[in-house]
Structures are given as structure tokens and as C-alpha cells.
Amino acid sequence: DIAQKFDDDTRERVRLGALAGYQIPRADAQLASQREALAQAQMRELQSEEALKDAISRGEDPELEASRIVPLDHIEIPDTDELPPLRELVAKAMASRPDLAVARINDENAAISTVGTSNPLLPTGIAYAQTWNAGAAGGLAGALGQVARRNYPTEYAGVYLTAALNNRSAQSDYAIEQLQLRQTALSSQRNRNQIVTDISNQIVALKQARAGYQASVAARALQEQLLQAEQDKFSFGSSSIDLIVRAQRALVGAESAEVNARGAYVHARVNLD
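Residues numbered from 1 in each chain as written. Predicted model: local features only at pLDDT ≥ 70, side-chain atom pairs only at ≥ 80, totals over all residues. Heavy atoms only, no water.

Honestly, helix H7 (residues 168-235) in this entry has me stumped. Any pointers?
For an α-helix, 3.6 residues make a turn, and residues three or four places apart therefore share a direction. Look at H7: 98 Å from first C-alpha to last across 68 residues, which is about the 100 Å you get at 1.5 Å a residue. Phi for Gly237, located one or two positions after H7, is positive at around 80 degrees. (Helix = DSSP H or I, 4+ residues; strand = E, 2+ residues; numbered from the N terminus. Expected span 1.5 Å × (residues − 1).)

Structure, rendered in C-alpha cells:
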């Protein structure tokens, strides 16, 4: 709209003789550039609608496909972020993230696996004992009495121990399992350290996004003041349409930057969550 007004005003001023005719192609080029930018923005809007429709429904829905999505609200930036301390955020991540739960299971599996390779390296010991009673004479009743009284017991016990002196195969298996166990532990620790770093970086990114948003708000307010000042000057005859259009363009750019800053803040907050 601003480019169209600038083009119309340029043509009118050329007609009145206030501007040279070569200014018309410049205004036309600016208008064409803005129309192209508008078409690209509208295409991006349609593409965003399609992505949202796909998230709403995975099935075929002709009514949804033909409909337009019209946003009714806008992004609200809270006055403060009120973030918990870093260690509290890390503790929450360690307790609730599914990838860490999987890593813990892998660590347990690796520890269990090492038990199987360590057993062949251990010595084997067996202890045994046996005892029984016998009745020697005196008939069935007498023999049973001798058994009950343990008159003629027989007892023996033994123990033996075996140990591998040089089981190279078992030693190599054990060494490999130990290395893999340490690698798994180091990988898990590295992942935990990376999580701390990632959370810290996302906190910094969120703070930067808030600072960028606050700066964009201040810049937009300043451009509003500059446009108002230029309009006041124009009302007293000390400004021109060109300067007003230039100030309007600067305000539109500041407003666009503020919208982008809002989006950047939301993305930073989502990344941290």
C-alpha cells in the first residue's frame, strides 16, 4: 500500500511539474518489488497453512483442504521468564528424558554382559559330603534299629578346585567387554555433559531472544515517533511525501522485525522446553 501511494504521488507530482519524469520508473520499480515481496509472503503463508492442516488431520478431508486458516490471536511475550536454576532444569531433564532412560538400560545391559565373560576366568570349586547308615545283623527289626541309632554310619566328604592358568580366549573376551563397558560409560557421561551444555546454551539463547525482542519494541516505538514527527512537519509544509513514505517504510520494517523477534523468542522457549 505504501509503495502504491508513493507511485501514485510520484506520477501526480510529475504531472504537475514538481518532479522530473525519470522518477516514474523508479517508483514503478519499487512498486513491482513490493508486489513480488507480497506474493512471496502470501505463498509462505499458504505453505504454513498446509503444514498446519497436515498436523490437524492425517486423513483426506476435502473441507479442511479447501478451507483457509485465519489466526485470531498473536504471540504474547511474558514480562519475565522466571526460569528455575540450571541444575534444577538439568535434574528434570535427567529424570524425564526418554533418551537418558534408554541410555541407562544400555548401561545395565553392558554391565550384565560383562558377567558372562568374567566367569570363565574365575576358579571353580566344588565341595561334597555324603553320609548313610546301615544295619548289620539281628533281623529286620534289629537292622532298622541299628539304622535309627546310627550304629554303623558311613561318612565321607571332599573338595576340589580347578583354575584356568592361561585362558587366552576368555581373557580376550573379558578385556573386550571391559573396554566396551567403559566406552558405554564414557558415552553416557558425555551425553549427560552435552545435556548440561545444551540446556545452558538454550538459556542463553532465550535471554538473547528476549533482549532482541525488547530492542525491536524500542526500535518500533522510535519509528512511530519519527513518522509522527515527519507528518507534523509535512502539515507545516516543511516535509515531503517522499520523506513521509520513507518513514512509513521504516516503520513497517520495524514492525516486521518485532514480529520476527516474537517468533524467535517463542522458538527459543520451545527449544529450551
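I would appreciate a short explanation of the packing of aromatic side chains in the present structure.
Each aromatic ring pair is characterised by the separation of its centres together with the angle its planes make. Evaluation of the coordinates by the stated rule reveals one aromatic pair. For the ring pair Trp132 and Tyr156, a centre distance of 6.1 Å and an interplane angle of 85 degrees mean the geometry is edge-to-face. Remark: Tyr156 occurs in strand S2 (residues 153-162) and Trp132 occurs in strand S1 (residues 124-133); sequence separation between them is 24 residues. For Trp132, a relative accessible area of 40% translates into the label partly exposed. (Phe/Tyr/Trp six-rings, centres within 6.5 Å; stacked < 30°, edge-to-face > 60°. Buried < 20%, exposed > 50% of the residue type's maximum accessible area, 1.4 Å probe, protein only.)

How do you make sense of the nonpolar core when you look at a structure like this?
If you look at the biggest cluster of nonpolar residues, it comprises 16 residues, and the most contacted ones within it are Ile195, Ile199, Ile203, Leu206, Tyr265 and Leu272. Contributing elements (two or more residues each) for this core: helix H4 (86-96), H7 and helix H8 (241-272). The element best represented in this core is H7, accounting for seven residues. Once residues lying within four places of it in the same chain are set aside, the contact partners of Leu272 are Leu83, Ile199, Gln202, Ile203 and Leu206. (Core = buried A, V, L, I, M, F, W, Y, C linked by side-chain atoms within 4.5 Å. Contact = heavy atoms within 4.5 Å.)

Help me understand a nonpolar patch on the surface, please; the structure alone is not making it clear to me.
Together, Ile126, Tyr128, Trp132, Tyr156 and Tyr160 make up an exposed nonpolar region whose accessible area comes to about 510 Å². The element best represented in the nonpolar patch is S1, accounting for three residues. Within the fold, Ile126 resides in strand S1. (Patch = residues over 30% accessible without salt bridge, like charges linked within 9 Å, V, L, I, M, F, W, Y side chains within 5 Å. Areas by Shrake-Rupley, 256 points an atom, 1.4 Å probe, with all protein chains shown as cover. Salt bridge = Lys/Arg side-chain N within 4 Å of Asp/Glu carboxyl O.)

How should H4 be read in this particular structure?
Taken together, the buried positions of H4 are Leu89, Val90 and Ala93. Along H4, the residues classed as buried sweep out an arc of 100 degrees about the axis, all on the same side. Relative to its buried face, H4 has exposed residues pointing more than 90 degrees away, namely Arg87, Lys92, Ala95 and Ser96. (Arc of directions from axis to C-beta.)

Where do I start with the pattern of salt bridges in this structure?
This structure, assessed with the given rule, holds 14 salt bridges. Asp7 is paired through a salt bridge with Arg11; the nearest N and O atoms lie 3.2 Å apart. With Asp7 and Arg11 both in helix H1 (residues 2-16) and four residues apart, the pair spans about one turn of that helix. What makes Arg11 partly exposed here is its relative accessible area of 38%. Put simply, Arg220, Glu224, Glu258 and Arg262 are held in one network by salt bridges that share partners.

In this structure, what is going on with the packing of H1 against helix H2 (residues 23-56)? I would like to understand it.
Each pair of packed helices can be summarised by the angle the axes make with each other and by the distance between the axes. Packing of H1 against H2 brings their axes to within 9 Å, and their N-to-C directions diverge by 165 degrees. If you check the angle between H1 and H2, you find them roughly antiparallel. Handedness of the H1/H2 crossing: left-handed. Every residue of H2 that contacts H1 at Ala3, Gln4, Phe6, Asp7, Thr10, Arg11 and Val14 is listed here: Gln23, Ile24, Arg26, Ala27, Asp28, Gln30, Leu31, Gln34 and Arg35. Residues that form the contact of H1 with H2 fall into these classes: six nonpolar, five polar and five charged. (Axes fitted to C-alpha atoms, helices over the stretch in contact; angles between N-to-C directions. Parallel < 35°, antiparallel > 145°, perpendicular 65-115°, else oblique. Left-handed = near helix turned anticlockwise from the far one by under 90°. Nonpolar A, V, L, I, M, F, W, Y, C, P; charged D, E, K, R; others polar.)

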